[in-house]
Amino acid sequence: MTTRVVVLGAGYAGAGAVTKLEEELGPETELVWVSETDYHLVLHESHRIIRDPAVEDKISIPVEDIKSRGTRFVHDEVVDVDTDDRTVELADGDDVDYDYLLVGIGSETATYGIDGMGEHPHTLKNLDDALGIHEDVKTAARDATRENPAKVVVGGAGLSGIQTAGELAEFRDRHNAPIDVVLVEALPEIFPPGDSEIQGALRHQIENRDIEILTDDPIVAATEDEIEFDEREALSYDVFVWTGGVTGPSELADVDLDAEHNRLQASSNLQTEDERVFAVGDCSLVDQGDEPAPPTAQAAWQAADVAAENIARAIDDRPLRAWTYDDQGTLVSIGEAAIAHDVEVSGFSAPVRTFNGTPAKMLKKSAAARWIAKITSWSRAMKAWDAL
Ligand SMILES: Cc1cc2nc3c(=O)[nH]c(=O)nc-3n(C[C@H](O)[C@H](O)[C@H](O)COP(=O)(O)OP(=O)(O)OC[C@H]3O[C@@H](n4cnc5c(N)ncnc54)[C@H](O)[C@@H]3O)c2cc1C
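Residues numbered from 1 in each chain as written. Predicted model: local features only at pLDDT ≥ 70, side-chain atom pairs only at ≥ 80, totals over all residues.

## With respect to the overall build of the protein
And step 1. Helix and strand content of the protein: nine helices and 27 strands.
And step 2. The C-alpha atoms of the protein give a radius of gyration of 21 Å, which matches the 21 Å a tight globule of 388 residues would have.
And step 3. Considering only contacts within the protein whose residues lie at least 6 apart along the sequence, 63% involve residues at least 24 apart. (Helix = DSSP H or I, 4+ residues; strand = E, 2+ residues; numbered from the N terminus. Rg over C-alpha atoms; globule rule 2.2 N^0.38 Å. Contact = placed C-beta atoms within 7 Å.)

This is how it looks when you write it as structure tokens:
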């Protein structure tokens, strides 16, 4: 009898798992890949679209160019998973049954219950979000003057927020646009998960790009034209992008599995409490001891490989492997510039912990290119090179 493996999502988790499963699964298995987008978006470079929407073609890769012919792709939105019946409910099509399921449908932007945060700001989680930000910034700049520049505010100074602010500055400088860019962070320092060395390097680079940084005061409300703080005076804005945090997808809210804020709890072998269901990427909280694995592309693509292998092992009744997150360092772009911190190159640590300039920029580009090459080919990765 054929065993059916179903993969949900076409991000790093989904695309990575599908390519690995195609290598691992035996002939008595059927692989079904479901996603609401029929392309993989290199999301960790999606901020580049804010500067130039033409980047879209370089960083969105059709699923047909990733999967092999034997894998069936279903272009639909997952609305629920029934673990008792082992079915995935779709918005438009018929339910899809599974023997093994890998959930990799990413995340939503957390609003933390802040008044107005769910309605007013842009978020950045997909192609339409990035294109929408570009359009609104362009319009705001067109309506502004040197005396009365457009105010574009980015809330949240993590990886997404810092890189978004960098692209806004790049757009401003390339078009000589009358825009003020402000980066807001609730905590005392930007890039809160980082140590003081990378925080200092990022702050220096961001201020060099003429981006104003406001820290140490949380946003308590957002209206259609103002951001209210706990202590500081309200800040009016023309465009507001909120990148403040990660929460699980609402489609997982009713799934009968252990979860926190809709992120499925998984053991280090990527299995949830249901041995037929694996969870990878931002929609999961994968046990790594004290802290779960971080919600990053780097963690998702590493975990996807092991989860796929473990599904093949589970089918053959072989023991599962544990996954240990291997932090290969941090690469952050600020427009055309980049900062590298604690990076490993071919398994070796770089001689300096934190650096910028061309070496950092090349490492940032090559990390994204390596990913594109892994799921497609080096020729496609090289075509994307300029956009990365
Ligand atoms: C601007 C920005 C910059 C970033 N920079 C970095 C960085 O420099 N380094 C780094 O490591 N990480 C970075 N990240 C984080 C990284 O992009 C995420 O951690 C990563 O995308 C998670 O991968 P994923 O596969 O879990 O989810 P995603 O990449 O979000 O993929 C989710 C997939 O599921 C699909 N999907 C969602 N809901 C449904 C549904 N209901 N039904 C069907 N399909 C669905 C989506 O269409 C998508 O294909 C950045 C993120 C952003 C937004």
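## Side note on the sheet that holds strand S8 (residues 96-97)
And step 1. Overall, antiparallel pairing links the three strands, which are arranged S6-S7-S8 in an open sheet. In the strand order of this sheet, the two ends are held by strand S6 (78-82) and S8, each with one partner.
And step 2. In terms of strand pairing, strand S7 (residues 87-90) meets S8 through two bridges, oriented antiparallel. Paired with Val 88 across the strands is Val 96, a residue of S8. (Pairing = 2+ DSSP bridges.)

## A look at the sheet that holds strand S24 (residues 337-341)
And step 1. Strand order in this open sheet of three strands is S23-S24-S27, and the pairing throughout is antiparallel. Across the chains shown, the open sheet's two edge strands, defined by having one partner strand only, are strand S23 (330-334) and strand S27 (354-355).
And step 2. When S23 meets S24, the two strands line up antiparallel, connected through five bridges. Note that in S24 the partner of Val 332 across the bridge is Ile 339.

## Topic: the packing of helix H1 (residues 12-24) against helix H7 (residues 297-315)
And step 1. Running from amino to carboxyl end, H1 crosses H7 at an angle of 35°, the nearest separation of the two axes being 8 Å. Relative to H7, the crossing made by H1 is right-handed. Where H1 abuts H7, its residues Tyr 12, Ala 13, Gly 16, Ala 17, Lys 20, Leu 21 and Glu 24 lie against Ala 297, Ala 300, Trp 301, Ala 304, Asp 305, Ala 307, Ala 308, Glu 309, Ile 311 and Ala 312.
And step 2. Tallied by class, residues from the contact of H1 with H7 come to twelve nonpolar, one polar and four charged. (Axes fitted to C-alpha atoms, helices over the stretch in contact; angles between N-to-C directions. Left-handed = near helix turned anticlockwise from the far one by under 90°. Nonpolar A, V, L, I, M, F, W, Y, C, P; charged D, E, K, R; others polar.)

## Things to note about the site of the ligand
And step 1. Taken together, 36 residues lie around the ligand, and Gly 9, Gly 11, Gly 106, Gly 281 and Thr 296 are the ones closest in.
And step 2. Among the elements of the structure, H1, strand S2 (29-35), helix H5 (159-175) and H7 are those that each provide at least two residues to the shell around the ligand.
And step 3. For the shell around the ligand, the element with the highest residue contribution is H5, accounting for four residues.
And step 4. Residue composition of the shell around the ligand, grouped by class: 15 nonpolar, 16 polar and five charged.
And step 5. Of the residues that make up the shell around the ligand, three or more belong to each of domain 1 (3-107 + 248-315) and domain 2 (127-242). (Near = placed C-beta within 6 Å. Domains from an automatic or database assignment.)

## Notes on the domain arrangement of the protein
And step 1. Assigned domains within the protein: domain 1 (3-107 + 248-315), domain 2 (127-242) and domain 3 (330-387).
And step 2. Using only C-alpha atoms to locate each centre, domain 2 and domain 3 end up separated by 24 Å.
And step 3. Taken together, the 15 residues of domain 2 in the interface contact twelve residues of domain 3.
And step 4. Of all elements in the fold, only H5 and helix H6 (196-208) reach the threshold of two or more residues within the side of domain 2 that touches domain 3.
And step 5. Considering every element that reaches the side of domain 2 that touches domain 3, the biggest residue donor is H5, with seven residues.
And step 6. Across the side of domain 2 that touches domain 3, the residue classes break down as seven nonpolar, four polar and four charged.

## Describing the environment of Ala 54
And step 1. Here Ala 54 is to be found in the loop between helix H2 (48-51) and helix H3 (56-59).
And step 2. On the basis of neighbour count, Ala 54 is assigned to the exposed category, with 10 C-beta atoms found within 10 Å.
And step 3. Separated by 333 residues in the primary sequence, Ala 54 and Ala 387 have C-alpha atoms spaced 8.8 Å apart. (Buried ≥ 20, exposed ≤ 12 C-beta atoms within 10 Å, placed from the backbone.)

## Some points on the nonpolar core
And step 1. Core analysis: the biggest nonpolar cluster contains 116 residues, and Ile 162, Val 280, Ala 303 and Ala 307 have the highest contact counts within it.
And step 2. The residues touching Val 280, leaving out its near neighbours within four places in the chain, are Ala 13, Ala 17, Leu 102, Gly 104, Leu 270, Ala 300, Ala 303, Ala 304 and Ala 307. (Core = buried A, V, L, I, M, F, W, Y, C linked by C-beta atoms within 7 Å.)

## Comments concerning unusual backbone geometry
And step 1. Its identity as a non-glycine residue notwithstanding, Tyr 112 has a phi of 55°, on the positive side.
And step 2. Inspection of the secondary structure puts Tyr 112 in the loop between strand S10 (108-109) and helix H4 (127-143).
And step 3. The phi angle at Asp 317 is positive, at roughly 60°, despite the residue not being glycine.
And step 4. Mapped onto the secondary structure, Asp 317 falls in the loop between H7 and S23.

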